Amino acid sequence: APDRAGLSPIHIETSYEINSYYQMEEPGEPAVVNVRTRVRKQDQAFAEQCIRQCRAEVDFLVASIHWGYGSSELLADYQQPLGRALIDAGANIVHGHHPHAIHAAEFYDGKAILYSLGTLIGQQIFLDASEQVKQLWSEMSPDGYVALLDIEDDGSYRLHAKPTTLNADRLPERATGTAFERVSERLHRLSLPHQADVIGGPDSLEIS
């Protein structure tokens, strides 16, 4: 509405790529199927238009998007092209969320794409649910990070990550010790193939 924020979906088209030769040898093996995804063109065009219009009215623009899947380390096919398109349209940084796991950070054209900052609050395990759902919840990572930006007048910025993890009440607290090292190692390892470096500090990380 004119006076409040809303939701604007970006639809994802999915197809399945099967290795027919492997399927002949191992019929029924699910590993032979690759899931291919791409953004519906008209939805992406609308998102880009919105960003261009908004960018003309603000000094700094964060594009926040609910995307990705599960708690694995992988990105879906559509994520990098979409993230880069949002940067090209004028976003200064892309904030990705949804997976309950830390995913890679990437710098594209000098601007960051944070594919997933992991879990900030995760209290689902206290709810009643089926055993299957409880199993899914149990696989969620307790780790995440808070991103801090030091923004210069020209729009450039330094990006810092403050690692977090969940306590016994499933609420966030600053990660220390092995939890800090776990966050640091994962973020560094996943970001390196995307040309982003993660430098450790005593209580925070710098992503560049």
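Values in this document were obtained by computation on a predicted structure and should not be read as measured data.

Cut-offs applied
- Residues numbered from 1 in each chain as written.
- Predicted model: local features only at pLDDT ≥ 70, side-chain atom pairs only at ≥ 80, totals over all residues.
- Heavy atoms only, no water.
- Helix = DSSP H or I, 4+ residues; strand = E, 2+ residues; numbered from the N terminus.
- Buried < 20%, exposed > 50% of the residue type's maximum accessible area, 1.4 Å probe, protein only.
- Expected span 1.5 Å × (residues − 1).
- Patch = residues over 30% accessible without salt bridge, like charges linked within 9 Å, V, L, I, M, F, W, Y side chains within 5 Å.
- Areas by Shrake-Rupley, 256 points an atom, 1.4 Å probe, with all protein chains shown as cover.
- Salt bridge = Lys/Arg side-chain N within 4 Å of Asp/Glu carboxyl O.
- Lys, Arg positive; Asp, Glu negative; His and termini not counted.
- Charge placed at Lys NZ, Arg CZ, Asp CG, Glu CD.
- Core = buried A, V, L, I, M, F, W, Y, C linked by side-chain atoms within 4.5 Å.
- Contact = heavy atoms within 4.5 Å.
- Pairing = 2+ DSSP bridges.
- Axes fitted to C-alpha atoms, helices over the stretch in contact; angles between N-to-C directions.

### Some remarks on the environment of Ala45
Moving on, step 1. Mapped onto the secondary structure, Ala45 falls in helix 2 (residues 41-55).
Moving on, step 2. Residue class for Ala45 comes out partly exposed when judged on its relative accessible area of 39%.
Moving on, step 3. When the C-alpha atoms of Ala45 and Gln132 are compared, they prove to be 38 Å apart, with 87 residues separating the residues in sequence.

### Digging into helix 5 (residues 177-191)
Moving on, step 1. Its 15 residues give helix 5 an end-to-end C-alpha distance of 21 Å, which sits within 8% of 21 Å, the value for a rise of 1.5 Å per residue.
Moving on, step 2. Those residues of helix 5 lying buried are Ala179, Phe180, Val183, Ser184, Arg186, Leu187, Leu190 and Ser191.

### A look at a negative patch on the surface
Moving on, step 1. A contiguous patch of negative charge on the surface is contributed by Asp150, Glu152, Asp153 and Asp154.
Moving on, step 2. Residue position: Asp154 is located in the loop between strand 7 (143-151) and strand 8 (157-166).

### Re the nonpolar core
Moving on, step 1. With 19 residues, the main nonpolar core has Ala63, Trp67, Leu82, Leu86 and Val94 as its most contacted residues.
Moving on, step 2. Among the elements of the structure, helix 2, strand 3 (62-66) and helix 3 (79-89) are those that each provide at least two residues to this core.
Moving on, step 3. It is helix 3 that provides the largest number of residues to this core, a total of four residues.
Moving on, step 4. Dropping the residues within four chain positions of it, Trp67 is found in contact with Tyr78, Gln79, Leu82, Gly83, Val94, Gly96, His97, His98, Pro99, Ile113 and Tyr115.

### Structural notes on the sheet that holds strand 4 (residues 93-97)
Moving on, step 1. Strand order in the open sheet formed by four strands is 3-4-6-5, with mixed pairing between adjacent strands. Pairing within the sheet leaves two strands with one partner each, and these edge strands are strand 3 and strand 5 (105-108). Neighbour to neighbour, the strand axes of the sheet diverge by 20° on average, direction disregarded.
Moving on, step 2. Alignment of strand 4 against strand 6 (residues 111-114), held across three bridges, turns out to be parallel. Paired with His95 across the two strands is Leu114, which belongs to strand 6.

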